[in-house]
Amino acid sequence: MRARTGWLTGLMITVMLGGCAARGGKQVDQAGAAARAGPTGGARAGHYPGADAYGGRATGRDNLTGGPLAQRVIYFAYDSDEILAASQPVVIAHAEYLAARGERRAVLEGHADERGTAEYNIALGERRAKSVERLLRLQGVGGDQLRILSYGEEKPAVSGHEESSWQQNRRVEIVYSDQ
Amino acid sequence: MPIAIVPFGQLEPAGDNLAHIVAADLESSGRFTPLPEAQMPERPAPPDAVNFPVWQSAGQEHVVTGRVSPGVDGAPYAAEFVLYDAIRGNQLLAEQIPFKTSEARHTAHRIADRIYQQLTGERGFFNTRIAYVTAAGVGKSRTYRLSVADVDGQNAREIMASPEPIMSPAWSPDGKRMAYVSFEERAAAIFVQNLATGERRKVSDAPGINGAPAWSPDGSTLALTLSKDGSPDIYTLDLASGSLRRLTRDDSIETEANWSPDGRSLVITSDRGGKPQLYLLPASGGEAQRLTYEGEYNARGVFAPDGRSLALVHGGTGGFRIAVLDLGTREVKPLSQGPLDESPAFAPNGRAILYLRKDAPGEPLAWVSTDGKTRRKLPVRGGEVRGAAWSP
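Rules used in this analysis
- Residues numbered from 1 in each chain as written.
- Chains lettered and ligands numbered in written order.
- Predicted model: local features only at pLDDT ≥ 70, side-chain atom pairs only at ≥ 80, totals over all residues.
- Helix = DSSP H or I, 4+ residues; strand = E, 2+ residues; numbered from the N terminus.
- Rg over C-alpha atoms; globule rule 2.2 N^0.38 Å.
- Contact = placed C-beta atoms within 7 Å.
- Buried ≥ 20, exposed ≤ 12 C-beta atoms within 10 Å, placed from the backbone.
- Expected span 1.5 Å × (residues − 1).
- Pairing = 2+ DSSP bridges.
- Axes fitted to C-alpha atoms, helices over the stretch in contact; angles between N-to-C directions.
- Domains from an automatic or database assignment.
- Nonpolar A, V, L, I, M, F, W, Y, C, P; charged D, E, K, R; others polar.
- pLDDT = per-residue confidence, 0-100.
- Parallel < 35°, antiparallel > 145°, perpendicular 65-115°, else oblique.
- Left-handed = near helix turned anticlockwise from the far one by under 90°.

Trainee: Go over the overall build of chain B, please, and point to the residues and values.
Mentor: Broken down by element type, chain B carries 3 helices and 29 strands. Taking 2.2 N^0.38 as the reference for a compact globule, 392 residues should give roughly 21 Å; the C-alpha atoms of chain B span a radius of gyration of 23 Å, in line with that estimate. Projected onto the principal axes, the alpha-carbon positions of chain B cover approximately 70 × 45 × 40 Å. Of all intrachain contacts in chain B linking residues separated by at least 6 positions in sequence, the fraction that spans at least 24 positions is 41%.

Structural data, given as C-alpha cells:
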C-alpha cells in the first residue's frame, strides 16, 4: 500500500500562510514528534523553477510528468491547514505554472487522515484546499482556474491506522482538469 | 434476567435456528442471560406442558417454548411461541407468526422483540435495521456501497454503489427513505432515496460541501452542512418547497447537525473555540450554547430518543471513543474502548448505541448497551465500513 516513495526525512518547519493560518496556528499538531517525521520532500526544496520557466515561450504540451510539477501533493499537520514547509515549493511551482497559463484549470482535492469524524474531516479537507488556493491566488493564479473539492477521509492515499500512514493522508492533491 | 429459550420443534427452515437467534438477540441486549441448551432440564414444545419446578431448580425465571408448523393463508410456515413465568407457573404471551422461508430470521427477531417488550416494558430493537457504507479496493477499482442489514449484521442488501465516496446515511423518521452524501458527480451532493422503490432525488448540490444530512423529527426538513457562503455552516432545507434557511454564520467549521426529538434544537459540531466541540443551536436560529468542555475533541453528537442525553465521538490524539453526555449533569461517560471509533447511532429504544470501529477489520461495526455492560460485534463483508445509521 505504500505507493508513495522517495520521501526524505528532514527538518520540518511549519510555515503559516494567510488569514486562516492564524486559526490553524492555535491548533498546532498535538501529535507532536510523531507528525514531525512526516512527509518532507526535502530533496525538492529550492529546485522549483523561476517564473520564466513557464513564460510565454512554453510550447505544445507542458511537461507535467517531470520536473517540479510532477509533485502534486501538499502535506499538512494534524487537524491543521498549515502547509508543511517541505510542501511549500510544490505549491509555488504550480502557482507559477498556473499564473503563466491562465487557460489551465485545476481541482484542489482536500483530504484528511481517518482520525475524528467523517463530516468534520470533510470540513478540514476543504480548509486545507482553501489554504492552498489562497497561496496560489497570492502568486497570481486566477480564481476561475481553481475548484475546491474536499473528500475528507474518504479517499486515503494509504490505508494504515498509524501516524506514518496518517501523515501521507493529510494532503491536498492538485488535479489538472485534462488529466 | 435468566431466561430459557427451548429449541423450537420441527419443520424449521434449513440453516436458521429460531431459538438460537432469539437467545442471541436477548443476550445481546445485556438484560437477559439465556440458559445454554446443554443445561436445559427438558425440551417441551407447544402444546406440551412445561414442568415449572425443574426450570425453577435450574434458576430460570422465564421459559420460552416454540414450534414451527405448516402455515396457513398462503404462508409456508407459522412460528408459534409461548412465554411462561416459571416462578408463578403461568403463561405471559402466546402468539403465532406466519412467515416465508426468507423471513425466518426476521421472524426470530420479531419473537425476541415481543419477549423483550413483555418483560421490560420497552420496545425491542431486534427487528430493526442498520445502514452502513463500505469501501473496498484501491485507486480506480475502488467501490463504495451503501447497504442495509438486520441489526445483527445479517441479510445485507445493497442500496447504492459508486466508484466515488458515499457518506453519512440518515434514515427518515418513517424508515422509508434514506438521505446520504454522494460524490458520484465528482462533487458532493445530497440525495434522498426511497428504499422500497430505489427512486432517488438530488436535493442539494451547492458549490463546495454538501454534507451531514439530518432529518427533522417530522420528516419535512433536512438539516445539512453547506460551504457555499464561505466556511461550512448549518442550513435547513424544506424538502417540499426546496427553501433553504441558514442557521449559523461563523468563520469556523459548523457541521454534523442532529435534531432534538422535540425538533426545537440541534446539536452541532463547531470549532469556533479552536477545537471541535458540541454546541446546542435553537432550530429557529440564534445563539449556540456550548455543551462540551471535557477533552479536546467532541464531535458528531446525536440525541437519545428521550432527548436527555447525547452520544458523541469523544477524544483527541490519544484515541477516539464513543461516549454519552448526560444533558442534565453534563457528565461525559465513555462507552467504547477506541482508539478509532466513530459514527454513533442510537437504537430506536435508546438502549444501545451502534458505532464504527475503524481499526477492526472483519467486525467493523458494534453496538454497546447504554449502560456500557454489553457489546455486540457485527460481521460486515465488503471492505472497510465508513458510516452507519440505525433505522427508526
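Trainee: Go over the environment of L35 of chain B, please, and point to the residues and values.
Mentor: All names here are of chain B. By the secondary structure assignment, L35 is in the loop between β2 (33-34) and α2 (52-57). Residue class for L35 comes out buried when judged on the 20 C-beta atoms lying within 10 Å of it. A sequence separation of 124 residues divides L35 from I159, and the C-alpha atoms of the two residues are 38 Å apart. Residues within four places of L35 in sequence aside, it is in contact with P2, A4, M40, A58 and Q60.

Trainee: Residue-level account of helix α3 (residues 88-100) of chain A, with values.
Mentor: Within an α-helix, residues lying three or four positions from one another point in the same direction, as the helix has 3.6 residues per turn. All names here are of chain A. A rise of 1.5 Å per residue sets the reference length of α3, with its 13 residues, at 18 Å; its end C-alpha atoms lie 18 Å apart and thus fit the reference within 8%. Along α3, the positions that sit buried rather than exposed are V90, V91, A93, H94, A95, E96, Y97 and L98. At its buried positions, α3 is contacted by β1 (73-75), β2 (106-111), α4 (118-138) and β4 (171-176).

Trainee: Please provide a residue-by-residue account of the sheet that holds strand β11 (residues 189-194) of chain B, values included.
Mentor: Residues and elements named next belong to chain B. Sheet architecture is open: 4 strands sit in the order β9-β10-β11-β12, paired in antiparallel fashion. The sheet is open, and its two borders are formed by β9 (166-171) and β12 (200-204), each paired with just one other strand. Strand after strand, the sheet turns through a mean of 25 degrees between neighbouring axes, direction not considered. With 4 bridges connecting them, β9 and strand β10 (residues 177-182) associate as antiparallel partners.

Trainee: Before we move on, could you go through the domain arrangement of chain B and cite the residues and values that matter?
Mentor: All names here are of chain B. What the domain assignment reports for chain B is domain 1 (2-120) and domain 2 (129-390). Put simply, the middle of domain 1 and the middle of domain 2, counted by C-alpha atoms, are 36 Å apart. Across the side of domain 1 that touches domain 2, the residue classes tally to no nonpolar, 4 polar and 1 charged.

Trainee: If you had to explain the interface of chain A and chain B to someone new, which residues and values would you point to?
Mentor: If you look at the interface, chain A gives 21 residues, while chain B gives 31 residues. At the level of elements, α4 and β3 (146-152) of chain A are the ones that each hand at least two residues to the side of chain A that touches chain B. By residue number, the principal contributor to the side of chain A that touches chain B is α4 of chain A, which donates 6 residues. Among the residues making up the side of chain A that touches chain B, the classes are represented as 8 nonpolar, 6 polar and 7 charged.

Trainee: Can you explain the confidence of the model for chain A? Please cite residues and give values.
Mentor: For chain A, the average pLDDT comes to 74, and 63% of its residues sit at 70 or higher. Across residues 1-38 of chain A the pLDDT falls below 50, and counting only partners more than four positions away or on other chains, this stretch makes 79 contacts in the model.

Trainee: Describe helix α3 (residues 104-120) of chain B, with residues and values.
Mentor: With 17 residues, α3 of chain B ought to run about 24 Å at 1.5 Å a step, and its terminal C-alpha atoms sit 24 Å apart, in line with that. Of all 17 residues in α3 of chain B, 13 are buried; the element is thus mostly enclosed.

Trainee: Could you give an account of the packing of helix α1 (residues 18-28) of chain B against α3 of chain B, naming the residues involved and the relevant values?
Mentor: All names here are of chain B. Interaxial distance between α1 and α3 falls to 8 Å at its minimum, and their mutual angle equals 45 degrees. In terms of axis orientation, α1 runs oblique to α3. Crossing angle aside, the handedness with which α1 passes α3 is right-handed. Contacts between α1 and α3 involve L18, I21, V22, D25 and L26 from the former and A104, R105, T107, A108, H109, I111, A112, I115 and Y116 from the latter. Here the contact of α1 with α3 is built from residues that sort into 10 nonpolar, 2 polar and 2 charged.

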